[in-house]
Amino acid sequence: MKYKILHCFIIALSCVYVHAMNFLEQNPQYQSYVKQAKLYNYIQDSKAIKHLKRKWNKKKDIRIRIFGDSHIAGDFISNELRTILGNINAVGFAYPLMPPYHQTLMLDYKSENFDVLDSRKKQYDIPYPMGGVIALPNTLPAFIQISINPKQIHTDETLFTTYIVFKNSEPTPAFLVEDSKQKKYVIQTSQMQHWEIMQLSLSFPITIHAMNDKAMLGGYFIYQRKDNNIVEHLGINGVRSDIWLKWDNAILQEELGLFDYDIIILCYGSNDAMFNTINKEKFIANYHSFITMLKEKNPNALIVFMSPPPVLVPVGSSKNRYQLSPTFHVVKEAMRKVAQTEHALFFDIDEFITSTGGKTTWIKHGLSKKDVHLLPSGYKLIAHGFYYSLQNFLDSY
């Protein structure tokens with residue numbers, strides 16, 4: 001009998017999700033920091049807020065998308081949000097391959113004979129899909145293998161509804177997709193030189209073989225069949241807030257409309273503020289145009305502006321001395337103005353850092369670099385500040 005009891009106990013343990021400690025649980029000394037975080041509410045229609053609150057309280061079918069620059073590209077803010085939520089069961093959108101110095105902790109990539117291009121590079125005049133990253137073979141044979149990280153995606157499912165974004169300049173087959181169940185699918189264009197989306201049901205890991213050296217991949221949407229909990233990120237180092245203008249409008253609109261999202265976060269501004277002057281009116285107009293598109297495709301989503309940390313630029317040729325960019329406050333206040341006129345939420349990272357001792361304190365505590373960037377621990381603390389302020393905001397309704 002004792003062996004039977006022990007056997008049942010072991011089975012029960014195996015079915016329990018082992019909670020991964022988040023940054024704040026490992027570093028309780030920053031509890032007081034998090035309590036300084038504020039989320040400014042400029043939303044007039046409370047229906048969307050109440051809709052999110054119902055889902056948020058259940059922690060079920062919550063979809064969060066984050067656009068941004070280098071502060072997002074490292075996947076530290078987004079991944080810490082996943083850890084806090086604890087029940088992430090799908091990937092959402094992911095790049096076809098990660099550019100150098102970028103990462104996603106949800107997926108593991110292996111590839112051979114593929115190049116990666118991204119839309120920040122001026123030398124490539126290519127209509128990019130959403131996110132602005134393309135993978136294309138430089139010679140054949142070429143493949144990309146994608147595995148889902150079980151430490152990040154918590155589900156017993158191996159079969160995912162997967163949308164593959166691709167383009168081919170020839171009518172011949174573009175890619176052969178093989179999943180872990182040895183099912184094979186040939187992807188072929190119906191419109192040459194146009195981005196398209198192919199929907200498949202795939203068991204991961206999968207391998208995508210290039211069948212044509214002119215074919216391109218633009219990303220993947222990887223979902224559960226229902227009740228998706230997602231925190232995805234679309235960050236590119238070095239980009240400004242108008243980077244979306246380099247993305248092909250037709251496929252961008254199609255991709256934005258594939259699924260409804262509950263929260264869309266925009267975390268740009270650092271690279272806009274790297275210059276001594278800025279066209280404030282153009283900056284605001286471009287933001288308004290992007291928000292209009294996002295709202296049209298995701299009408300129930302709460303839009304959140306996340307301002308950049310203090311933008312420090314080198315003094316002369318020195319890499320040891322930094323000063324605040326002269327346009328930093330102009331950019332930050334322009335973002336706040338857009339948030340107000342677009343009836344969105346505004347999370348001020350600069351204010352959060354200032355209220356918890358400032359840049360110098362964050363550097364001393366190993367939360368920030370001396371330049372514009374934070375350290376991974378700092379980004380994780382930002383995630384907790386945002387989560388705390390969002391929870392307080394929802395609790396007030």
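Just so you know, the residues in each chain are numbered from 1, in the order the chain's sequence is written. Reporting of local features is limited, given that this is a predicted model, to residues whose pLDDT is at least 70; pairs of side-chain atoms are given and counted only at 80 or more, and all residues count toward the totals for whole chains, interfaces and linings. Only hydrogens and water are set aside when side-chain values are computed; all heavy atoms of the structure are taken into account.

(A) Summary view of the confidence of the model for the protein chain. Scored from 0 to 100, pLDDT reflects the predictor's confidence in each residue. When pLDDT is averaged across the protein chain, the result is 93; 94% of the residues are at 70 or more. Ignoring residues within four places in sequence, the model shows residues 1–17, a span with pLDDT below 50, making 2 contacts including any to other chains. For this analysis, residues touch if any pair of their heavy atoms sits within 4.5 Å.

(B) Here's a closer look at helix H8 (residues 280–297). Note on conventions: DSSP H or I runs of at least 4 residues are helices, E runs of at least 2 residues are strands, and numbering of each starts at the N terminus. Under the convention used throughout, the expected extent of a helix is 1.5 Å for every residue step, that is, one less than its residue count. Relative to the 26 Å expected for 18 residues at 1.5 Å per residue, H8 spans 26 Å between its end C-alpha atoms, a close match to the ideal helical length. Accessibility here uses a 1.4 Å probe with only protein chains present; expressed as a share of the type maximum, an area under 20% marks a residue as buried, one over 50% as exposed, and anything in between as partly exposed. Where H8 is concerned, the buried positions are Phe283, Ile284, Asn286, Tyr287, Phe290, Ile291, Met293 and Leu294. Those residues of H8 hidden inside the fold are in contact with strand S2 (63–68), helix H7 (249–256), strand S15 (263–267), strand S16 (302–307) and helix H9 (328–341).

(C) How the structure looks around the layout of surface pockets. Reported here for the largest pocket is a volume of approximately 250 Å³. Space inside and on the surface of the protein is sampled on a 1 Å grid over the protein atoms alone, with a cavity defined as a set of points where a 1.4 Å probe fits but cannot get out and a pocket as an open set with protein on both sides within 12 Å along at least 5 of 7 lines; lining residues have an atom within 4 Å of a point. Considering the residues around the largest pocket, the lining is formed by 16 residues, among which Ala48, Lys295, Pro299, Ala301 and Leu302 are closest to the centre. When contributions to the lining of the largest pocket are tallied by element, the ones reaching two or more residues are helix H4 (46–58) and S16. Grid points are joined across faces, edges and corners, and a volume is the space filled by probe spheres set on the points.

(D) View of unusual backbone geometry. Backbone torsion omega between Leu140 and Pro141 reads 0°, so that peptide bond is classified as cis. On the secondary structure map, Pro141 appears in the loop between strand S6 (133–137) and strand S7 (143–148). Phe204 connects to Pro205 through a cis peptide bond whose omega is 5°. With respect to the helices, strands and loops of the structure, Pro205 is situated in the loop between strand S11 (196–203) and strand S12 (206–210). In this structure, Asp75 is a non-glycine residue whose phi angle is positive, near 65°. Tracing the sequence through the fold places Asp75 in the loop between helix H5 (70–73) and helix H6 (76–85). With phi around 55°, Asp227 is a residue other than glycine that occupies positive phi space. On the secondary structure map, Asp227 appears in the loop between strand S13 (216–223) and strand S14 (230–235).

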